[in-house]
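Architecture and fold: a report
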Amino acid sequence: QVQLVESGGGLVQPGGSLTLSCLASESIYNKGAMSWYRQAPGKERELVAVITNSGRKTTYADSVKGRFSITRDNAKKTVSLQNNALKPDDTAVYYCQFATKPSSWGQGTQVTVSA
């Protein structure tokens, strides 16, 4: 099973931006779609973004649509999530995973949006 390590989280003010990165321990080329999830305290994990194997199609949760952007760089073995116009409700631990392997997520990276 490939190992995934999320990074790039931090503390930002509302309206700020962060770029989250997910580094894989091995190739992600032709490994299928990849996803970003988030989980806030006391809440279930929420699917926020998906990128297809080809990288040509992306989907987003309504709560982040228009503000977040998911990309993948197969050569660098990374999947990124660009978070713009952040809101306090975006505060959560963010995880990436292979869509076909739900157990593949790493330790996550904390995003905190607070005035």
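Our structure is the block above this text.
A few points on the structure.

Quick notes on the rules
Residues numbered from 1 in each chain as written. Predicted model: local features only at pLDDT ≥ 70, side-chain atom pairs only at ≥ 80, totals over all residues. Heavy atoms only, no water. Helix = DSSP H or I, 4+ residues; strand = E, 2+ residues; numbered from the N terminus. Buried < 20%, exposed > 50% of the residue type's maximum accessible area, 1.4 Å probe, protein only. Contact = heavy atoms within 4.5 Å. Phe/Tyr/Trp six-rings, centres within 6.5 Å; stacked < 30°, edge-to-face > 60°. Lys NZ or Arg CZ within 6 Å of the ring centre and 35° of its normal. Pairing = 2+ DSSP bridges. Axes fitted to C-alpha atoms, helices over the stretch in contact; angles between N-to-C directions. Core = buried A, V, L, I, M, F, W, Y, C linked by side-chain atoms within 4.5 Å.

Within the fold, Ser80 resides in strand 8 (residues 78–83). Judged by relative accessible area, Ser80 falls into the buried class, the value being 15%. Setting aside residues no more than four positions away along its own chain, Ser80 makes contact with Leu20, Ser21, Trp36, Ser69, Ile70 and Thr71.

Moving on, we get to the packing of aromatic side chains. Summed over the entire model, instances satisfying the criterion amount to two aromatic pairs. Look at Phe68 and Tyr94: their rings are 6.5 Å apart centre to centre, the planes differ by 50 degrees, and that puts the pair in the tilted class. Taken as a pair, Phe68 in strand 7 (residues 68–73) and Tyr94 in strand 9 (residues 92–98) lie far apart in primary sequence, 26 residues in all. For Tyr94, a relative accessible area of 0% gives the class buried. Here Tyr95 and Trp105 contribute two aromatic rings whose centre-to-centre distance is 6.3 Å and whose plane-to-plane angle is 50 degrees, an arrangement assigned as tilted. With Tyr95 in strand 9 and Trp105 in the loop between strand 9 and strand 10 (109–113), this residue pair connects regions lying 10 residues apart in the sequence. You can call Tyr95 buried: its relative accessible area is 10%. Trp105 sits in the partly exposed class, given a relative accessible area of 32%. The ring of Tyr95 carries Arg45 above its face, with NZ or CZ at 3.7 Å from the centroid.

For Asn83, the location among the structural elements is in strand 8. Using a relative accessible area of 0% as the deciding quantity, one classes Asn83 as buried. In this structure, the C-alpha to C-alpha distance between Asn83 and Ile28, residues 55 residues apart in sequence, is 22 Å. Excluding residues within four positions of it along the chain, Asn83 makes contact with Gly16, Ser17, Leu18, Leu20, Arg67, Phe68 and Val111.

Read from one edge to the other, the open sheet built from six strands follows the order 2-10-9-4-5-6, with strand pairing classed as mixed. Of all strands in the sheet, those with a lone pairing partner are strand 2 (10–12) and strand 6 (58–60), marking the two edges. The average angle at which neighbouring strand axes cross in this sheet is 20 degrees, direction not considered. As paired elements, strand 4 (residues 34–39) and strand 9 share six bridges and run antiparallel to each other. If you follow Ser35 over to strand 9, its bridge partner there is Gln97.

What follows concerns the nonpolar core. Membership of the largest hydrophobic core comes to 27 residues, with the highest contact counts inside it found for Trp36, Val79, Leu81 and Tyr94. When residues of this core are traced back to their parent elements, those giving at least two are strand 3 (18–24), strand 4, strand 5 (46–51), strand 7, strand 8, strand 9 and strand 10.

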